[in-house]
Amino acid sequence: MENFSEVAVIGAGIMGRGIAQLCAQSGFSVYLVDLDDEILSQGIGEIQSAIQRMTDKGKISSEEAGKVLKRIKGVTDLDAAAADADLVIEAVPENMELKSRLFRDIDKICRPNVILATNTSSLSIAQIARATGPPDKVIGLHFFYPVPVIEGVEVIPSLLTSEETVSSTMNFVKTIGKEPLISRDFPGFIVNRLLPALINEAFNLLWQGIAPAEEIDKACTLTLRHPVGPLAMADLIGLDTVLSVLEYLHGELGEKYRPSPLLKQLVKAGHYGRKSGKGVYGYESTIRNKSAKTDTVV
Ligand SMILES: NC(=O)c1ccc[n+]([C@@H]2O[C@H](COP(=O)([O-])OP(=O)(O)OC[C@H]3O[C@@H](n4cnc5c(N)ncnc54)[C@H](O)[C@@H]3O)[C@@H](O)[C@H]2O)c1
């Protein structure tokens, strides 16, 4: 497994496109898979813009940029992508049923012993693994947004993951220039035990009228020195994703993760954050890395 060269990334949303870009920059051939062509071309377009910005800033040559982009193929056909993959990284929405179904399908297509990694933010890796044949090749590989920039990646073996899968995954993470952070397979792992609690409390502050959104965010950037405030961060992550994670943690770990009523209200209204153009704040464009904040919606 140490010599893998082809990676299949399933899901071309916020995370999948960043993971595909990072893998291609690190020399891997990448299949980026999604359900429809429009999402795929939006994803590939966003990767092209990111690579162009790197070229403009002199971080990579135009020759290297061309090579990186050539390594990425966007497809809707899961069979074509997974059949030759040496590593699969799943980045579809945070839903156990959806992920389990997908892992069952992927397992039938892939060669035996290919590592199947999930980018889940909180769900049980063991439960996802049980959808596959031998579950020892399934592992959590939790990237953070924006993927090419954030230095750490959580590596989460379940009780069913083999040592070989863990060591190959750790080597892969180092090969793509990231620092692996090992966590046990327990709801939320490390970072998502901490971050959703902060974000949820920020929504509660806003809901209770303690302070306006901008003030809550500024309180965290100016006093805690967080680079982004928790409400702006929720808009970046996607309010639907934040809510899914909180609902899962609430069920598994109890009352302290009960989702804020305001967060639930916004998700019901389709205010998912930057990806939908409106969340806590409004945005000019729904293309995530180009959108500029316009006003406060809440
Ligand atoms: N958004 C974040 O900041 C963040 C950070 C870390 C981890 N995650 C996790 O990463 C995963 C993906 O999150 P996201 O924010 O990229 O979601 P997203 O909604 O932006 O993208 C998910 C994509 O998966 C596609 N999809 C759905 N079913 C599919 C299938 N069967 N086959 C192929 N594609 C399919 C959808 O069309 C969509 O484009 C989730 O588990 C999430 O919890 C998200």
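Residues numbered from 1 in each chain as written. Predicted model: local features only at pLDDT ≥ 70, side-chain atom pairs only at ≥ 80, totals over all residues.

Would you mind going over the site of the ligand with me for this structure?
Around the ligand there are 28 residues in total, and Gly-11, Gly-13, Met-15, Glu-94 and Ser-121 lie nearest to it. Counting residues per element, the shell around the ligand draws most heavily on helix H1 (residues 14–25), at three residues. Split into classes, the residues belonging to the shell around the ligand amount to 16 nonpolar, nine polar and three charged. Composition of the shell around the ligand by domain shows at least three residues from each of domain 1 (6–182) and domain 2 (192–296). (Near = placed C-beta within 6 Å. Helix = DSSP H or I, 4+ residues; strand = E, 2+ residues; numbered from the N terminus. Nonpolar A, V, L, I, M, F, W, Y, C, P; charged D, E, K, R; others polar. Domains from an automatic or database assignment.)

What is the right way to look at the domain arrangement of the protein in this model?
One frequent convention defines the size of an interface as the accessible area lost when the parts assemble. For the protein, the assigned domains are domain 1 (6–182) and domain 2 (192–296). For domain 1 and domain 2, the distance between their C-alpha centres works out to 25 Å. Tallying the contact residues gives nine residues for domain 1 and 13 residues for domain 2. Looking at the side of domain 1 that touches domain 2 residue by residue, the class counts come to four nonpolar, three polar and two charged. (Contact = placed C-beta atoms within 7 Å.)

Explain the pairing of strand S4 (residues 87–90) here, please?
Within a regular strand, the side chains alternate between the two sheet faces. Burial of the side chains of S4 extends over both faces: Leu-87 and Ile-89 are buried on one face and Val-88 and Glu-90 on the other. Here strand S1 (residues 6–10) runs beside S4; their pairing, made up of four bridges, is parallel. By the bridge assignment for S4, Val-9 is matched with Ile-89. Direction of pairing for S4 relative to strand S5 (residues 115–118): parallel, over a ladder of four bridges. Looking across to S5, one finds that Ile-89 is bridged to Ala-117. Taken together, S4, helix H5 (residues 96–109) and S5 form a β-α-β motif whose crossover is right-handed. (Buried ≥ 20, exposed ≤ 12 C-beta atoms within 10 Å, placed from the backbone. Pairing = 2+ DSSP bridges. Right-handed = clockwise from strand over helix to strand, strands pointing away.)

What am I meant to see in the sheet that holds strand S6 (residues 138–142) here?
Where strands meet in a sheet, backbone hydrogen bonds hold them as pairs that are either parallel or antiparallel. In space, the eight strands of this open sheet follow the order S3-S2-S1-S4-S5-S6-S7-S8, with mixed pairing throughout. Looking at strand neighbours, the two that pair on one side only are strand S3 (72–75) and strand S8 (179–182), the edges of this open sheet. Strand-to-strand twist across the sheet, computed as the mean angle between neighbouring axes with direction ignored, equals 25°. Direction of pairing for S5 relative to S6: parallel, over a ladder of three bridges. Bridged to Thr-118 within S6 is Gly-140. Its contacts with the sheet put helix H7 (residues 163–175) on S4, S5, S6, strand S7 (152–157) and S8, and the angle it makes with S7 is roughly 170°. (Axes fitted to C-alpha atoms, helices over the stretch in contact; angles between N-to-C directions.)

Explain H7 to me, please; I cannot follow it from the model alone.
Along an α-helix, residues three or four positions apart point the same way, because every turn accommodates 3.6 residues. Compared with the 18 Å implied by 1.5 Å per residue over 13 residues, the 18 Å span of H7 between its first and last C-alpha is a close match. On its buried face, H7 sits against S4, S5, S6, S7 and S8. (Expected span 1.5 Å × (residues − 1).)

Would you explain the nonpolar core in this entry?
The nonpolar side chains of a soluble globular protein tend to be buried with one another. One finds Ala-8, Val-9, Ile-19, Val-30, Ala-85 and Val-88 to be the most contacted residues of the largest nonpolar core, which totals 82 residues. Mapped onto the domain boundaries, this core takes at least three residues apiece from domain 1 (6–182) and domain 2 (192–296). Setting aside residues no more than four positions away along its own chain, Val-88 makes contact with Ala-8, Ile-10, Ala-82, Ile-106, Cys-110, Val-114, Leu-116 and Ala-117. (Core = buried A, V, L, I, M, F, W, Y, C linked by C-beta atoms within 7 Å.)

Where do I start with unusual backbone geometry in this structure?
The phi torsion of most residues other than glycine is negative, and most of the peptide bonds are trans. Note the cis peptide between Tyr-145 and Pro-146, where omega equals -5°. Of note, Pro-146 is situated in the loop between S6 and S7. Phi at Phe-189 takes a positive value of approximately 55°, unusual for a residue other than glycine. Relative to the helices and strands, Phe-189 is located in the loop between S8 and helix H8 (191–207). Even without a glycine there, the phi angle at Arg-225 is positive, about 60°.

What am I meant to see in the packing of helix H2 (residues 37–56) against helix H3 (residues 62–70) here?
Think of two packed helices as two axes; the pair is described by the angle between the axes and how far apart they sit. Relative to each other, H2 and H3 sit at 165°, their axes nearing to 10 Å. With respect to their mutual orientation, H2 and H3 come out roughly antiparallel. For H2 against H3, the interelement crossing comes out right-handed. Residue-level inspection shows Gln-48, Ile-51, Met-54 and Thr-55 of H2 in contact with H3, the latter providing Ser-62, Ala-65, Val-68 and Leu-69. In terms of residue class, the contact of H2 with H3 is built from five nonpolar, three polar and no charged. (Parallel < 35°, antiparallel > 145°, perpendicular 65-115°, else oblique. Left-handed = near helix turned anticlockwise from the far one by under 90°.)

Would you mind going over the packing of H1 against H2 with me for this structure?
Look at H1 against H2: their axes get within 10 Å of each other, and the N-to-C directions meet at 50°. Accordingly, the angle class assigned to the pair H1 and H2 is oblique. Relative to H2, the crossing made by H1 is right-handed. Mapping the contact onto sequence places Gly-16, Arg-17, Ala-20 and Gln-21 in H1 and Gly-43, Glu-46, Ile-47 and Ala-50 in H2. Across the contact of H1 with H2, the residue classes tally to three nonpolar, three polar and two charged.

Looking at this model, I keep getting lost on the environment of Ile-106. Mind explaining?
By the secondary structure assignment, Ile-106 is in helix H5. When the 24 C-beta atoms within 10 Å are taken as the criterion, Ile-106 is described as buried. Separated by 169 residues in sequence, Ile-106 and Lys-275 place their C-alpha atoms 27 Å apart.

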